[in-house]
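Spelled out from the first residue to the last, the chains are:
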Amino acid sequence: QVQVAESGGGLVQPGGSLRLSCAASGRIFSIGAMGWYRQAPGKQRELVARIRSGFYTDYVDSVKGRFTISRDNAKNTVLLEMNSLKPEDTAVYYCYLLVNGAMNWGQGTQVTVSS
């Protein structure tokens with residue numbers, strides 16, 4: 001079995017920064033793409049950023065230049081650095097990792113941007 005644990009998140013003022021971390025553990029033979037989704041109240045879940053096994057990245061337009069996704073293959077970890085946060089970034093953030101050919105999801109972490 002594979003376990004996924006998220007950390008980070010919390011309450012931050014507009015313009016502030018947060019870092020989200022997501023790590024997979026267990027019987028891991030291969031990890032492919034990793035990424036982050038978010039879901040705000042009353043809205044559909046949207047893909048925020050993803051990073052492929054070759055380190056190619058892409059982002060939703062609303063976070064380009066503010067968020068950075070990275071991965072550490074040795075630690076089976078994906079990170080999301082979020083800078084210049086805005087109130088509209090408020091959402092529950094979910095990580096995913098393609099492990100052994102199957103999607104595995106984090107439990108979700110709340111990010112709230114408010115003064």
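In the block above lies the structure referred to throughout.
Right, let's walk through the structure included here. Model, not experiment: these values are computed from the prediction.

1. Some remarks on the overall build of the protein
1) Next: Of the regular secondary structure elements, the protein holds zero helices and 11 strands.
2) Next: Beginning at the N terminus, the succession of helices and strands in the protein can be written as β-β-β-β-β-β-β-β-β-β-β.
3) Next: Taken over the C-alpha trace, the protein has a radius of gyration of 14 Å; the compact-globule value for 115 residues is 13 Å, and the two agree within 12%.
4) Next: Summarising its shape, the C-alpha atoms of the protein cover approximately 45 × 25 × 25 Å along the three principal directions.
5) Next: Put simply, the protein has 115 residues, and 39% of those count as buried.

2. Quick notes on the layout of surface pockets
Rolled over the atoms, a probe as big as a water molecule pinpoints where empty space is left.
1) Next: Computed from the structure, the largest pocket encloses a volume of approximately 170 Å³.
2) Next: Taken together, 13 residues make up the lining of the largest pocket; nearest its centre are Arg 38, Ala 40, Lys 43, Glu 46 and Glu 88.
3) Next: A breakdown of the residues in the lining of the largest pocket according to their chemical character gives two nonpolar, four polar and seven charged.

3. Describing the side chain of Asp 89
1) Next: Note that Asp 89 resides in the loop between strand S8 (77-82) and strand S9 (91-99).
2) Next: Only 2.8 Å separates the side chain of Asp 89 from the backbone nitrogen of Lys 86, close enough to count as a polar contact.
3) Next: Not counting chain neighbours up to four residues away, the residues in contact with Asp 89 comprise Arg 38, Val 63, Arg 66, Phe 67, Ser 84, Val 111 and Val 113.

4. Some words on the nonpolar core
1) Next: Trp 36, Phe 67, Leu 80, Met 82, Tyr 93 and Leu 97 are the most contacted members of the largest nonpolar core, which totals 27 residues.
2) Next: Residue assignment for this core shows that the elements contributing at least two residues are strand S3 (18-26), strand S4 (31-39), strand S5 (46-51), strand S7 (67-72), S8, S9 and strand S11 (109-113).
3) Next: With five residues, the single largest contributor to this core is S9.
4) Next: Beyond its immediate stretch of four places on either side in the chain, Leu 97 contacts Val 4, Cys 22, Ala 24, Ala 33, Met 34, Asn 76, Ala 102, Met 103 and Asn 104.

5. Comments concerning the sheet that holds S3
1) Next: Across the sheet, which stays open at both edges, the four strands sit in the order S1-S3-S8-S7 with antiparallel pairing between neighbours. The sheet terminates laterally at strand S1 (2-7) and S7, the two strands that pair on one side only. Averaged over all neighbouring strand pairs, the angle between strand axes comes to 15°, with direction disregarded.
2) Next: Bridge count between S3 and S8: six bridges; the pairing is antiparallel. Pairing of Ser 21 across the sheet is with Leu 79, part of S8.

6. Quick look at the pattern of salt bridges
1) Next: Per the counting criterion, the structure on display carries six salt bridges.
2) Next: A salt bridge links Arg 38 to Asp 89, with the nearest nitrogen and oxygen atoms 3.0 Å apart. With Arg 38 in strand S4 and Asp 89 in the loop between S8 and S9, the pair connects residues that are 51 residues apart, well separated along the chain. For the pair formed by Arg 38 and Asp 89, the shared burial category is buried.
3) Next: For Lys 64, the salt bridge identified is with Asp 61, shortest N-O distance 2.9 Å.
4) Next: On the accessibility criterion, Lys 64 (49% relative accessible area) is partly exposed.
5) Next: Each of the salt bridges in this network shares a partner with another, and the network as a whole consists of Arg 38, Glu 46, Arg 66 and Asp 89.

Criteria and thresholds
- Residue numbers run consecutively from 1 along every chain, following the written order of its sequence.
- Totals for whole chains, interfaces and linings use every residue, but because this is a predicted model, local features are given only for residues with pLDDT of at least 70 and side-chain atom pairs only at 80 or more, for both listing and counting.
- Side-chain metrics in this entry use all non-hydrogen atoms of the structure; hydrogen atoms and water are not considered.
- Per the convention used, a helix needs a DSSP run of H or I reaching at least four residues, while a strand needs a run of E reaching at least two, with both numbered from the N terminus.
- This radius of gyration counts C-alpha atoms alone. The globule rule is 2.2 Å times how many residues there are, raised to the power 0.38.
- For the exposure calls, accessible area comes from a 1.4 Å probe over protein chains only, and a residue counts as buried if that area is under 20% of its type's maximum, exposed if over 50%, partly exposed in between.
- Put simply, the grid is 1 Å and covers the protein atoms alone, a cavity is a trapped set of points that fit a 1.4 Å probe, a pocket is an open set with protein on both sides within 12 Å along at least five of seven lines, and lining residues have an atom within 4 Å of a point.
- Grid points are joined across faces, edges and corners, and a volume is the space filled by probe spheres set on the points.
- Following the grouping adopted for this structure description, the nonpolar residues are Ala, Val, Leu, Ile, Met, Phe, Trp, Tyr, Cys and Pro, the charged ones are Asp, Glu, Lys and Arg, and the polar ones are all others, Gly among them.
- Two N or O atoms form a polar contact when they lie within 3.5 Å of each other; inside protein one atom must be a possible hydrogen donor and the other a possible acceptor, and for residues adjacent in sequence the pair counts only when both atoms belong to side chains.
- By the convention used here, residues are in contact when the closest approach between their heavy atoms is within 4.5 Å.
- Buried residues of nine kinds, namely Ala, Val, Leu, Ile, Met, Phe, Trp, Tyr and Cys, make up a nonpolar core once their side-chain atoms join them within 4.5 Å.
- At least two bridges found by DSSP between two strands is the condition for calling them paired.
- A fitted line through C-alpha atoms represents every axis, and for helices the fit uses only the stretch in contact; the resulting angles, taken between N-to-C directions, go from 0 to 180 degrees.
- The working definition used for a salt bridge is a side-chain nitrogen of Lys or Arg within 4 Å of a carboxyl oxygen of Asp or Glu.

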